[in-house]
Amino acid sequence: MKAAKTIVSFDEIRALAKALPAADDVAAEVARDRQAQLTKPAGSLGRLEEVAVWLAAWQGRNPPSVERPYAAVFAGNHGIAEKGVSAYPAAVTAQMVRNFIDGGAAVNQLCSLANADLRVYEMALNEPTADFSEAAAMDEENCAKAMAYGMMAVESGIDVLALGEMGIANTTAAAALCCGLYGGPAADWVGPGTGIDAERMAEKARLVDQAVALHRDALGDPLEVMRRLGGRELAAIAGAILAARMARTPVLLDGYACTAAAAVIHALVPGAIDHCMVSHVSAEPGHKRLLQRIGKEALVDLGMRLGEASGAMLAVLLLKAAVACHSGMATFAEAGVSGPGEDG
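Quick caveat, the model's predicted, so the values are computed rather than measured.

Trainee: For the environment of A173, give the residues involved together with the corresponding values.
Mentor: For A173, the location among the structural elements is in helix α7 (residues 170-182). Of the residues examined, A173 reaches a relative accessible area of 0% and is grouped as buried. Along the sequence, A173 and I80 sit 93 residues apart, while their C-alpha atoms lie 8.3 Å from each other. Sequence-distant contacts of A173, defined by excluding residues within four places in its chain, comprise H78, F132, L229, G230 and L234.

Trainee: Lay out helix α12 (residues 285-294) in plain terms, naming residues and giving numbers.
Mentor: Along α12, the positions that sit buried rather than exposed are G286, H287, L290, L291 and I294. One face of α12 carries all of its buried residues, which in axial projection span an arc of 140 degrees. Among the structural elements, α7, α11 (256-268) and β5 (276-278) are those in contact with the buried residues of α12. G295 sits one or two residues past α12 and shows a positive phi near 70 degrees.

Trainee: Explain the pairing of strand β3 (residues 160-166) to me, and be specific about the residues and the numbers.
Mentor: Burial runs high along β3: seven of the seven residues are buried. Taking every second residue as pointing to the same face, both faces of β3 are buried, with V160, A162, G164 and M166 on one and L161, L163 and E165 on the other. In this sheet, β3 lies alongside strand β1 (residues 69-76) in parallel orientation, the contact comprising seven bridges. Across the sheet, the residue bridging to A72 is L163, located in β3. In terms of strand pairing, β3 meets strand β4 (residues 251-253) through three bridges, oriented parallel. In the strand pairing of β4, L161 is matched with V251.

Trainee: Go over the pattern of salt bridges, please, and point to the residues and values.
Mentor: By the definition in use, this model includes 17 salt bridges. The residue E29 makes a salt bridge to R32 at a minimum N-O spacing of 3.3 Å. Note that E29 and R32 are positioned in helix α2 (residues 25-37) at a spacing of three residues, about one turn of the helix. Of the charged contacts in the structure, one is a salt bridge between R98 and D102, with a shortest N-O distance of 3.1 Å.

Calculation rules
- Residues numbered from 1 in each chain as written.
- Predicted model: local features only at pLDDT ≥ 70, side-chain atom pairs only at ≥ 80, totals over all residues.
- Heavy atoms only, no water.
- Helix = DSSP H or I, 4+ residues; strand = E, 2+ residues; numbered from the N terminus.
- Buried < 20%, exposed > 50% of the residue type's maximum accessible area, 1.4 Å probe, protein only.
- Contact = heavy atoms within 4.5 Å.
- Arc of directions from axis to C-beta.
- Pairing = 2+ DSSP bridges.
- Salt bridge = Lys/Arg side-chain N within 4 Å of Asp/Glu carboxyl O.

Listed below in structure tokens is the structure:
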């Protein structure tokens, strides 16, 4: 993705978004035909069957593969953190990046279990975005460059890309993005994040309402929503989603913040996140509302709210299970088992 380095404007992002490739319908049909021949009642493996067909469609091959999963975690800091919207100080972002590098985080253990590569991308941690309740979080060039940076994380040969984030106060940014895109009171989108109490959560909602009111005249453009109310790591996730689509690489989205970044791309171009699945339903209350808005059903709901691609990496294990069944099961003919409607 060397060309991404030159992207410094939203017009360039829009031009890329207008030329996104479609899924491979032939590969999808071949996968569906195989599902119909496997030794099981039709549909009896539920969403595992859907996952196998989805992987085949976006990888453009049969059988699909999850031999080279890849996790990309983007880390950024937010000026709004200075308003006390998180239970933790902004310094924790850099400390957790160090923990990822040292192998001590939850995502490290899940990557090891899934035999997945993990890359962590620091986004100018010493230069937080502006406090978006008082000014735009980023200017256009910085936002576009953050998206371009995310694009360059999509390497060739990846079977599936698991996306995640780390950034104190990024659930506040996620709530602001959702409120900016879909409207309604901030209280509909704001949650406890890292574990704040009801009083601080009310203040968090007030700040999001203030931010949306401040930027309201520009919120008809999804990219303006990102630059005004988002963050560098969320812009990078949006860029990675676009680049993965151009490379026809399936994507697993993590929780609330990651899905909010994807919602910007969904709002930019209808169907632009068809190559994405949402791994899990976050415990953040706004996530279920957001999933309804973008028409996605998460793979699991385990009450997780950690971020850092932990839910996405857990979902990689489900994808491996789907592919193992799809590729390894015998057909009715191979097993000598009577199919539906045949005499046994």
